[in-house]
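# Overview (structure and organization)
Each chain is listed here by its residues.
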Amino acid sequence: MRKRLFLALTLLGALTGAHAEVDPNFYIYLCFGQSNMEGNATPETVDKANIDPRFKTLACVNFQSPARTMGQWYAAVPPLVRQGTGLGMADYFGRTMVANLPQEVKVGVVDVAIGGTKIEGFMQDKVAAYIASMTANEQWLKNYFAAYDNDPYKRLVDMAKIAQQSGVIKGILLHQGESNNMQQDWPQKVKTIYDRLLSDLGLQASETPLFVGEMLSQAAGGACYGHNSIIRSMPSVIANSHVISSAGCPGKDDHLHFLASGYRTMGRRYAIEALRLMGIDAESPPYSYMGDD
């Protein structure tokens, strides 16, 4: 109850102009998905060092360690999503962005992700039934949803509205699909979420690219590599969508998650594509993608 009251007061403050003026040089990126977006690798020393203060994260839940309050901006030191998560896609995305943008530009990420969720977990007309269908053995997943008041889409929008009081939303990052592996209607479900985000946040499709990351590749032992063929169809469903290859990124022995080095590479690739759309030629991706997985 107190968490909901705090969120309501935070949103009210944002809507009444209690926050700072909007900075057009504060680029905001929304991030959502499941465990690879949440972050499954333990951050190493290098991942917490030399983080440019221009890279920020908006806490989307309350943290105890590190101490963070939902709805507030912090230095983007991992974990970004919630207490107990690890290195994810957004970490080196933000690092690479600020390294290649003018010094007056800041980058902020708003990251709501749930390990193990299906895409239905972000669809407001399906999330209640999805949670109700979870078995007793999935209490861990129910607990993850409870952290977002059982409506992660609403939390993402609420936090995005707070972020819009400080900066300008420039794009959306998605990494999800393992729990919907090979489902042919997945792109249409993603489009439903994307379209609703545009509507709820007053965004234009032409100005809001969607960056969609591939699953762990076949060469890396990925159990869900087949879903990559479906991910690659996204530009035919959402015109302003862009696929981020996972080729050459190493994975864990569970065949689902990336190693820390894989998250670093994927994050850089998300950023390189975002920068390319801005006309900025960042470092070349460290791979030659042949599309053969």
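Conventions used here
- Residues numbered from 1 in each chain as written.
- Predicted model: local features only at pLDDT ≥ 70, side-chain atom pairs only at ≥ 80, totals over all residues.
- Heavy atoms only, no water.
- Helix = DSSP H or I, 4+ residues; strand = E, 2+ residues; numbered from the N terminus.
- Buried < 20%, exposed > 50% of the residue type's maximum accessible area, 1.4 Å probe, protein only.
- Contact = heavy atoms within 4.5 Å.
- Areas by Shrake-Rupley, 256 points an atom, 1.4 Å probe, with all protein chains shown as cover.
- Polar contact = N/O pair within 3.5 Å; in protein donor to acceptor, adjacent residues only side chain to side chain.
- Expected span 1.5 Å × (residues − 1).
- Phe/Tyr/Trp six-rings, centres within 6.5 Å; stacked < 30°, edge-to-face > 60°.
- Lys NZ or Arg CZ within 6 Å of the ring centre and 35° of its normal.

### Focus on the overall build of the protein chain
A tally of helices and strands in the protein chain yields 10 helices and 7 strands. Out of the 293 residues belonging to the protein chain, those deemed buried represent 53%. In the protein chain, of all internal contacts separated by at least 6 residues, the share reaching a separation of at least 24 is 74%. Surface accessibility of the protein chain: about 12,300 Å² in total, with carbon and sulfur atoms responsible for 51%.

### Regarding unusual backbone geometry
A cis amide bond links Ser65 with the next residue in sequence, Pro66, at an omega value of 0°. Examined against the element boundaries, Pro66 turns out to sit in the loop between strand E2 (55-58) and strand E3 (73-75). Although it is not a glycine, Asp149 adopts a positive phi angle of roughly 55°. Inspection of the secondary structure puts Asp149 in the loop between helix H5 (139-146) and helix H6 (152-163). In the Ramachandran plot, Met182 falls in the positive-phi region, its phi being about 70° despite a non-glycine side chain. Checked against the element boundaries, Met182 lands in the loop between strand E5 (168-175) and helix H7 (186-201).

### Let's talk about the side chain of Asn180
With respect to the helices, strands and loops of the structure, Asn180 is situated in the loop between E5 and H7. Note on Asn180: relative accessible area 0%, which makes it buried. One polar contact links the side chain of Asn180 to the main-chain amide nitrogen of Ile119, over a distance of 2.8 Å. Excluding residues within four positions of it along the chain, Asn180 makes contact with Lys118, Ile119, Glu120, Trp186 and His227.

### Some thoughts on helix H3 (residues 89-100)
It helps to recall that an α-helix has 3.6 residues per turn; residues three or four apart then point in one direction. Its 12 residues give H3 an end-to-end C-alpha distance of 17 Å, which sits within 8% of 16 Å, the value for a rise of 1.5 Å per residue. The buried count for H3 comes to 10 of 12 residues, which makes it a mostly enclosed element. Taken together, the buried positions of H3 are Met89, Ala90, Asp91, Tyr92, Phe93, Gly94, Arg95, Thr96, Met97 and Val98. Contact partners of the buried residues in H3: strand E1 (26-33), helix H2 (35-38), E2, strand E4 (106-113), E5 and helix H10 (260-277).

### Overview of the packing of aromatic side chains
Here the structure, examined in full by the defined rule, presents 6 aromatic pairs. A cation over an aromatic ring shows up here: Arg68 above the ring of Phe63, its NZ or CZ 5.0 Å from the ring centre. Above the plane of the ring of Tyr27 lies Lys170, whose end atom (NZ or CZ) is 4.7 Å from the centre.

### Considerations on the environment of Gly222
Structurally, the position occupied by Gly222 is in the loop between strand E6 (210-213) and helix H8 (228-231). We classify Gly222 as buried; its relative accessible area is 8%. As a C-alpha pair, Gly222 and Lys252 span 30 residues in sequence and 9.0 Å in three-dimensional space. Dropping the residues within four chain positions of it, Gly222 is found in contact with Leu216, Ser217 and His255.

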